[in-house]
Amino acid sequence: MVAVDGGVATSGQGAAVETVPGAVAVPRGYPGPLASLLAKTARPLLIRGGVDRQRLFDLLDKAVLNPVTVVRAGAGWGKTVLVSAWAQTRPGPVAWLSLDRHDNDPQIFWAYVVAALRSAGAVTSENPLAEMGSVPRDERERGLRIAAGLSRLPVRTVLVIDDFHEIDDRQVLDEVDDLLRHPSAVRLVLISRTEPPLALHRLRAADQVAEIRADDLAFTGDEAAALVGGHGLTLGPDEVTLLVKLTDGWAAGLQLGAGFLAGDQGARSVADFVGNIRAVEGYLHDEVLAGRPPRQRRFLLETSICEHLCADLANAITSASDGQRMLEELERDSGFVVRLGPTPHWFRYHHLLRDMLGHRLNLEMPADVPELHRRAARWYVDNNLLVEALTHAVQARDWAYTGRLVMTRVAPLILSTQRAALVRILQQVPREQLTSTPELMMCDVLQIFEAGEYDAIPARVARIRELLRDRPDVTRDPAEVLLLTLQAAADRIVGDMPALVAVANEMLTLLAGSPFHDGAAFAQYRAIARNARGMALMWTGRLDAAARDLREASGAAMAAGVELPGISAVGHLALLEVMHGSVRAAAELAGSARDLAERRAWGYTLQAVAAHFAQALVHIEGNDLAAAEEALRRGRRAHEGDPEPAQRLVMLGVRARLALAHGQPARARSLLAEARRDRGARVCVPLLDQWLMLLDAEIDLAVGRPARAEQRYAEFLPTEAVGLAHRAGLARAALARRDLRRAEELLIADPTTTLPETVATVEAGIVGALVADERGHTTRAVDLLADAVGLATREGIRRPFITMSGSRLVDLFDRLRLLDPDHASLAADIINEVRTANGPAPDTSGGLTEREAQVLRYLPTMLTAAEIAAELSVSVNTVKAHLRSIYRKLGAERRSEAVANARDLGIL
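Residues numbered from 1 in each chain as written. Predicted model: local features only at pLDDT ≥ 70, side-chain atom pairs only at ≥ 80, totals over all residues. Heavy atoms only, no water.

(A) Examining the packing of helix 4 (residues 106-119) against helix 5 (residues 139-151) more closely. One way to put it is that helix 4 packs onto helix 5 with a least axis distance of 12 Å and a crossing angle of 15°. Compared by their axis directions, helix 4 and helix 5 come out roughly parallel. For the pair helix 4 and helix 5, the crossing hand works out as left-handed. Contacts from Pro-106, Gln-107, Trp-110, Val-114 and Leu-117 in helix 4 reach Arg-142, Ile-146 and Leu-150 in helix 5. For the contact of helix 4 with helix 5, a count of residues per class yields 6 nonpolar, 1 polar and 1 charged. (Axes fitted to C-alpha atoms, helices over the stretch in contact; angles between N-to-C directions. Helix = DSSP H or I, 4+ residues; strand = E, 2+ residues; numbered from the N terminus. Parallel < 35°, antiparallel > 145°, perpendicular 65-115°, else oblique. Left-handed = near helix turned anticlockwise from the far one by under 90°. Contact = heavy atoms within 4.5 Å. Nonpolar A, V, L, I, M, F, W, Y, C, P; charged D, E, K, R; others polar.)

Here it is as structure tokens:
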């Protein structure tokens, strides 16, 4: 995911650290530093040799009435010059994007598309693209978000994508195809040397694709005469005709011919311009490079190593100070130097010219080439263009410098959408170099991380840190923090929470005593470490400490300008609250995290997963199962992009609780069994294990197996160590076994945490009310129920009332409604919800008694009458008597028939 405001979001297989510190802040949603953005979204301009080609302007005006226009021809046919000149005449917005080989990634590609549309002023404040902090990694969400934004452009907008032939990534091409299937205000103009590998047949069949090819672009006689005239030449009609014939109207050939004719004081003739035109490179050398002053010639050769140039970059490469003058002179007197944008700041050489210059540079100055690349790399580093910097460092084959660059600046890109480009570059480092220095060993670690070999990382990180031990603090500490960040990512990915706590502690200790010169990076790393430790403390059961860390992390992340770790911290706080604290607080936290994630198009990132699952649990507690299903769906989709063990267990637990709420205990049990299977050897999340055990025990209680529930509690923790949720469950089991004394003892025990545990408190209140009612203490039962209802009202809790519903609880609610007018309305609502959830109530005049209904729940199981008696703590004869009564009332002769009839009646 491409992120902004100083951070790069998680992307790629298994990446789990939320941000990359130290990035340059640029306008929201832009995919890179501003310098790179301006060069890629600026419309190229030629100020020399302009020719009125109104016939082609008219052709383009007609073409863009169609959804797609393809301008296709080989190099040098004037495609870009034509479309740029035409765009200047358009009354509406024209967005421009120039592509290169680094843009073969869906998130990077669409991020630049959005940036181009914003630069053109086509995106208004209410557009979904306006606040988008990044392009979603999730393919479906990305497509929906981009399509929604394009559909809401206020006016028809032309989007020109130059050099589309650079795109060969199938995913990008498929997504462009998908976009073209939906009508929008965008008119796409693709400039390409080759036929775009898109599925345009459907649009072509509907006559909705316009094409401009080489034969359209070929110069006519009048246009050729105007072009030559721009060089100060006047040719007769026959000479113009011959020149067009010799060049086939090819724009580059005509430029070369005009330059040829203008040389030697105009003594040359068109007949001297060789008919078969020698190799383009030779002509470019002879007519563009040869004969130039030595300084200008050397400038062209040295600066040809870069795709885009500005004066500062040119000066850095040439070790001179005349870059601006040189570039502007070359733009004026050469048709092969193009200005990018309305101001003379960024330039590029025509592809043909750059290819020739690169070849001549390697022939004439091979010893200088590595140093030129090093100079370019240093400039790119200073301007935070790190992929370009690393590219030039590798081209220089300066492996020591490459290693230092990776260690000090580039390595965090492994956690960004630029990871694929980064790894491709690192793969060019010879294998034998990857063990020569700690810095180059880091290159190896990054490739291992990308390959997902996380268990191999700790040993390599330890070795690198050992080799760095004798370095000065100012260089060693930032490198060690980076190494620990990668280690933390690996620990999180394999689910080793104790190890993650240890690494986060080490990071925080190092940061506290480190002479960090980069204050922004320090703040961001600190937010990352606090968030990682808070999450790990939470899953290891240290809830109060976890809450402190997560709150600190959320505030620190926002203050440091990195929202993604803040979303992660708030989402985990919401999970902590809904599991062990306040449901209302969880709803507020999850809502705020999800709202921010949605505005920034981060709804399907790893950092939003916790908020989605917390929201699902909040809805389950409120008995809004449809909303819970939707939140769970979003969480599952976000989790699939960056799966990690802890969140997988949360997901399975949420699904199990939802299945139980739908009355599907067998399905719930199956999901919990899945959570216990296929766990990695290093997965250590004791709090989640405890939470899943509580769900298992709740299923036991739901199917009438209190003894099994108690056994499950005892297997997990001794009674004196359990929290309120455990004690409420144990009290429910004791009540089911009619052990009222034991139930009361459990409910008056002191809590073991400072967290409010509102759900457990409501459950305990309901159980306490039922126990008091069993003892005949009606007033106390109503008071306890009133307290539970009051808390549930404030917190938005409904599930426990439905889970523990029965005729006694309904009777208590009826009494509460009569005795406590303040709770009358809510009591009525809950009674209705209970009755709706449980289906038709039994016919008490001729239906099942409460005990018979309990026995009925066991009939679909394989338990014998004796085993049912043991579960209910009654004699087997009593169970048999109930079975006879059940058969009679349901009109059945055997057990299976009774089950079928009970299901038909909706009472099973």
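That covers the picture; the talk isn't over yet.
(B) Spotlight on the sheet that holds strand 8 (residues 346-349). Spatial strand order, 1-7-8: 3 strands in an open sheet with antiparallel pairing. Of all the strands in the sheet, the pair left with one neighbour each is strand 1 (44-45) and strand 8. Of the pairings in the sheet, the one linking strand 7 (residues 337-340) to strand 8 comprises 4 bridges and is antiparallel in character. Counterpart to Leu-340 in the pairing with strand 8 is Trp-346. (Pairing = 2+ DSSP bridges.)

(C) Spotlight on empty space enclosed by the protein. Scanning all chains against the criterion turns up 3 cavities of 30 Å³ or more. The volume enclosed by the largest cavity comes to roughly 330 Å³. In terms of lining, the largest cavity is formed by 24 residues, of which the most central are Arg-657, Ala-725, Val-759, Glu-763 and Arg-799. Sorting the residues of the lining of the largest cavity by element identifies helix 27 (563-580), helix 29 (606-621), helix 33 (686-702), helix 35 (724-736) and helix 37 (758-774) as the ones contributing at least two each. Here the lining of the largest cavity takes 5 residues from helix 33, the largest share from any one element. Residues of the lining of the largest cavity, tallied by class, amount to 12 nonpolar, 4 polar and 8 charged. (1 Å grid on protein atoms, 1.4 Å probe; cavity = no way out; pocket = protein on both sides within 12 Å on 5 of 7 lines; lining within 4 Å. Points joined across faces, edges and corners; volume = space filled by probe spheres on them.)

(D) A look at helix 38 (residues 778-795). Spanning 18 residues, helix 38 covers 26 Å between terminal C-alpha atoms, matching the ideal 26 Å at 1.5 Å per step. Of the residues making up helix 38, those classed as buried are Ala-781, Val-782, Leu-784, Leu-785, Ala-786, Ala-788, Val-789, Gly-790, Leu-791, Ala-792 and Glu-795. Count one or two residues on from helix 38 and you reach Gly-796, which has phi positive near 75°. (Expected span 1.5 Å × (residues − 1). Buried < 20%, exposed > 50% of the residue type's maximum accessible area, 1.4 Å probe, protein only.)

(E) The environment of His-619, seen in detail. Tracing the chain through its elements places His-619 in helix 29. Counting along the chain gives 177 residues from His-619 to Gly-796, while the straight-line C-alpha distance between them is 8.9 Å. In this structure His-619 touches Asp-624, Ala-627, Ala-628 and Ala-631, once residues within four positions along its chain are discounted.

(F) How the structure looks around the state of the cysteines. Taken as a whole, this structure holds 0 disulfides when the rule is applied. Of all cysteine sulfurs, the one in Cys-306 lies closest to Cys-310, which takes part in no disulfide; the gap is 9.2 Å. Residue classification places Cys-310 among the buried residues on the basis of a relative accessible area of 3%. (Disulfide = S-S within 2.5 Å.)

(G) Here's a closer look at unusual backbone geometry. The residue Ser-319 is not glycine, and still its phi comes out positive at about 55°. Residue placement: Ser-319 occurs in the loop between helix 14 (311-318) and helix 15 (323-333). Positive phi, close to 65°, is recorded for Arg-738, a residue that is not glycine. Mapped onto the elements, Arg-738 comes out in the loop between helix 35 and helix 36 (740-747).

(H) Up close: the packing of helix 9 (residues 221-229) against helix 10 (residues 237-247). Packing of helix 9 against helix 10 leaves a shortest axis separation of 9 Å and a crossing angle of 100°. With respect to their mutual orientation, helix 9 and helix 10 come out roughly perpendicular. Within the contact between the two elements, helix 9 uses Gly-221, Ala-224, Ala-225 and Val-228 and helix 10 uses Val-240, Leu-243 and Val-244. Residues belonging to the contact of helix 9 with helix 10 are distributed by class as follows: 6 nonpolar, 1 polar and no charged.

(I) Spatial organisation of the pattern of salt bridges. On inspection of all chains with the given rule, the structure shows 65 salt bridges. Here Asp-174 ties to Arg-170 by a salt bridge, and the two come within 3.0 Å at their closest N and O atoms. Separated by 4 residues within a single helix, Asp-174 and Arg-170 lie in helix 6 (residues 170-180), roughly one turn from each other. Arg-431 is paired through a salt bridge with Asp-444; the nearest N and O atoms lie 3.5 Å apart. With Arg-431 in the loop between helix 20 (419-426) and helix 21 (438-451) and Asp-444 in helix 21, the pair connects residues that are 13 residues apart, well separated along the chain. Relative accessible area serves as the criterion here: at 53%, Arg-431 is assigned to the exposed category. (Salt bridge = Lys/Arg side-chain N within 4 Å of Asp/Glu carboxyl O.)

(J) The arrangement of the sheet that holds strand 2 (residues 68-72) in detail. Read across the open sheet, the 5 strands follow the order 3-4-5-2-6; overall the sheet is parallel. In this open sheet, the two edge strands, each paired with only one partner strand, are strand 3 (94-98) and strand 6 (209-212). Sheet twist, expressed as the average angle between the axes of neighbouring strands with direction ignored, equals 15°. Bridge count for strand 3 against strand 4 (residues 157-162) is 5 bridges, and the pairing is parallel. Each residue of the ladder has a partner; that of Ser-98, found in strand 4, is Asp-162. Along the sheet, helix 4 makes contact with strand 3 and strand 4, crossing strand 3 at roughly 145°.

(K) Fine view of the packing of aromatic side chains. Per the stated rule, a full pass over the model turns up 5 aromatic pairs. An angle of 80° between the planes, with centres 5.6 Å apart, marks the rings of Phe-449 and Tyr-454 as edge-to-face. The side chain of Arg-53 reaches across the aromatic face of Phe-219, ending 3.8 Å from its centre. Between Arg-637 and the ring centre of Tyr-604, over which it is positioned, the NZ or CZ distance is 3.9 Å. (Phe/Tyr/Trp six-rings, centres within 6.5 Å; stacked < 30°, edge-to-face > 60°. Lys NZ or Arg CZ within 6 Å of the ring centre and 35° of its normal.)

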